[in-house]
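The residues making up each chain are set out below.
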Amino acid sequence: MPEFLPQNDERAPNERPVAATAPCRLAVETARGRGLAPFYASCDWSAVHPGIRRAVIMIHGRLRNADAYFQLAGQARDAAGDAGRDTVLIAPQFLAAADVAAHRLSPDTLHWDWTGWMGGDAASGPAPLSSFDVLEAMLDVLARRERFPALEAIVMAGHSGGGQVVQRYAVVARGDDALRDLDMRYVVVNPSSYVYFDRRRPAAQGGFAPCDTTRCPGFNDWKYGLERLPAYARQAASPQALEEAYVRRDVTVLLGGADCDPAHPALDTSCAARAQGAHRLERGLAYARYMRLRHPAAFGHRTLVVDGVGHDGAGMFASPEGVAALFGGKRRAQ
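Residues numbered from 1 in each chain as written. Predicted model: local features only at pLDDT ≥ 70, side-chain atom pairs only at ≥ 80, totals over all residues. Heavy atoms only, no water.

Helices and strands together make up the secondary structure of the protein, namely nine helices and twelve strands. Against the compact-globule benchmark of 20 Å for 334 residues, the protein has a radius of gyration of 19 Å, which places it among compact chains. The principal-axis extents of the C-alpha atoms in the protein amount to approximately 55 × 45 × 40 Å. Every one of the 334 residues in the protein was classed for burial, and the buried ones make up 55%. A separation threshold of at least 6 residues defines the contact pool for the protein, and within that pool the share at least 24 residues apart is 71%. Surface summary for the protein: the accessible area is close to 14400 Å², and the carbon and sulfur share equals 50%. One finds the centroid of the 38 positive side-chain charges in the protein at a distance of 3 Å from the centroid of its 37 negative side-chain charges. (Helix = DSSP H or I, 4+ residues; strand = E, 2+ residues; numbered from the N terminus. Rg over C-alpha atoms; globule rule 2.2 N^0.38 Å. Buried < 20%, exposed > 50% of the residue type's maximum accessible area, 1.4 Å probe, protein only. Contact = heavy atoms within 4.5 Å. Areas by Shrake-Rupley, 256 points an atom, 1.4 Å probe, with all protein chains shown as cover. Lys, Arg positive; Asp, Glu negative; His and termini not counted. Charge placed at Lys NZ, Arg CZ, Asp CG, Glu CD.)

So, about helix H3 (residues 131-142). In this model H3 runs 17 Å from its N-terminal to its C-terminal C-alpha over twelve residues, within 8% of the 16 Å that 1.5 Å per residue would give. Burial of H3 is extensive: ten of the twelve residues sit out of reach of the surface. For H3, the N-terminal cap is Ser130; the gap from its side-chain oxygen to the backbone nitrogen of Phe132 is 2.9 Å. (Expected span 1.5 Å × (residues − 1). Polar contact = N/O pair within 3.5 Å; in protein donor to acceptor, adjacent residues only side chain to side chain.)

The contact between H3 and helix H4 (residues 161-172) brings their axes to 11 Å, and the two run at 75°. Taken together, the axes of H3 and H4 are roughly perpendicular relative to one another. Residues Phe132, Leu135, Glu136 and Leu139 of H3 pack against Val165, Arg168, Tyr169 and Val172 of H4. Grouping the amino acids of the contact of H3 with H4 by side-chain chemistry returns six nonpolar, no polar and two charged. (Axes fitted to C-alpha atoms, helices over the stretch in contact; angles between N-to-C directions. Parallel < 35°, antiparallel > 145°, perpendicular 65-115°, else oblique. Nonpolar A, V, L, I, M, F, W, Y, C, P; charged D, E, K, R; others polar.)

Our next topic: the nonpolar core. By size, the foremost hydrophobic cluster in this structure holds 68 residues, and its most contacted members are Trp45, Ile154 and Met156. Each residue touching Met156, except ones within four places of it in the same chain, is listed here: Ile57, Ile59, Leu135, Leu139, Val166, Tyr169, Met184, Arg185, Tyr186 and Val187. (Core = buried A, V, L, I, M, F, W, Y, C linked by side-chain atoms within 4.5 Å.)

Turning to the pattern of salt bridges, a few remarks are in order. Scanning the model with the defined rule gives 17 salt bridges in all. Asp140 serves as the salt-bridge partner of Arg144, at 2.9 Å between the closest nitrogen and oxygen. Residue Asp212 pairs with Arg215 through a salt bridge whose shortest N-O separation is 3.5 Å. Given a relative accessible area of 73%, Arg215 falls into the exposed group. What you see here is one network of salt bridges that share partners, running through Arg32, Asp133, Glu136 and Arg174. (Salt bridge = Lys/Arg side-chain N within 4 Å of Asp/Glu carboxyl O.)

Our next topic: the sheet that holds strand S11 (residues 250-256). Spatially, eight strands are ordered S1-S2-S4-S3-S7-S8-S11-S12 in an open sheet, and the strand pairing comes out mixed. One side of each edge strand has no neighbouring strand; the edge strands of this open sheet are strand S1 (24-30) and strand S12 (302-306). Along the sheet, successive strands turn relative to each other by an average axial angle of 25°, direction set aside. Pairing between strand S7 (residues 153-159) and strand S8 (residues 183-189): seven bridges, direction parallel. In the strand pairing of S8, Val155 is matched with Arg185. On the sheet, H4 packs against strand S3 (54-59), S7, S8 and S11 and is oriented at approximately 135° with respect to S7. (Pairing = 2+ DSSP bridges.)

Moving on, we get to the layout of surface pockets. Looking at the second largest pocket, its volume works out to about 250 Å³. For the second largest pocket, the lining is made up of 15 residues, of which Leu63, Tyr69, Ser160, Ala266 and His311 are closest to its centre. For the lining of the second largest pocket, the secondary-structure elements that each account for two or more residues are helix H1 (66-80) and helix H8 (313-318). (1 Å grid on protein atoms, 1.4 Å probe; cavity = no way out; pocket = protein on both sides within 12 Å on 5 of 7 lines; lining within 4 Å. Points joined across faces, edges and corners; volume = space filled by probe spheres on them.)

As a further point, take empty space enclosed by the protein. To find leftover empty space, a probe the size of one water molecule is rolled over the atoms. Counted by the stated rule, this structure contains two cavities of 30 Å³ or more. Volume-wise, the largest cavity comes out at about 70 Å³. Together, Tyr194, Tyr246, Val253, Gly284, Tyr287, Ala288, Met291, Phe299, His301 and Thr303 line the largest cavity. Residues of the lining of the largest cavity, tallied by class, amount to seven nonpolar, three polar and no charged.

This part is about the environment of Gln240. Structurally, Gln240 can be placed in helix H5 (residues 239-248). Sequence separation of Gln240 and Ala122 is 118 residues, and the distance between their C-alpha atoms is 24 Å.

Let us look at the side chain of Ser160. The residue Ser160 is located in the loop between S7 and H4 in this model. Its relative accessible area of 13% is what places Ser160 among the buried residues. Not counting chain neighbours up to four residues away, the residues in contact with Ser160 comprise Val189, Asn190, Pro191 and His311.

Right, let's talk about the pairing of S1 for a bit. Where S1 meets strand S2 (residues 33-41), seven bridges bridge the pair, whose relative direction is antiparallel. Paired with Val28 across the bridge in S2 is Gly35. In textbook terms, the turn of a hairpin is the stretch between consecutive antiparallel strands, and for S1 and S2 this stretch comprises two residues.

With respect to the helices and strands, Ala47 occurs in the loop between S2 and S3. The exposure class assigned to Ala47 is partly exposed, which follows from its relative accessible area of 27%. Placed 38 residues apart in sequence, Ala47 and Arg85 show a C-alpha to C-alpha distance of 18 Å.

Here's what the structure looks like:
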């Protein structure tokens, strides 16, 4: 049996081995190498599923507790009633080296440092594959008509650290280019920060101004801006092309109306994150204003506040706004 850390361990909660690892494995292979990505799924991916019309990819937060998020996705599907009936649920798990060691997993299991996967960084082993490569490989399987012949929509969603993954992937995604006639949607929930497309950040009275580089020299580095991109995105198109592609994508941002604690223990308090606002709610609302100012005539993303809910993934996805974002029909911005 694996040996876990003692109960009185004082490390950060995410710097401990996970309690459970996902049972399924997805082979991910690129020119940089090959590895296996653990994941949960509500159906056998090796079989044909003619009745599946929607796929929800639910991404865990910094605790890497994919089991909890897989259960959360199931609860949201139940709340959706008939709208969630023909849905496959998938929850990838981005493990740390300590998880692989504690659970004695195969050496070809992909693993990262504690949080590098949240920005699409290369894995520590067995090959330098990005967490975004894993998502791309999942989309590739879902797009196979011989496996999912009736699939109509794919929803990629994440809360907190998972919300960061979804927002970053929506900026640099390559895997959704091959989805052809599928409806691809991104649901970003309560992330600590966002990717900005220029060097301006929120300023007084709701405006935006160039950030003070003397106080925060790395404020525009990835994952907060487009400088020093990860390997996955270094061959990407120009920053302008990345922004244009992001604006065209179907993105919904859900913000907890009570997720406004500047001292929340899981809040990113780096200077690059604080340059975007004092807390998650403020940062999310500021980012929505920023994008609307940059694209006043053609910005269709939705930013919705879920009143009374704090930094709570279950509360966010179980809310009417959360259920609609995951299982509702395609909508235009209001």
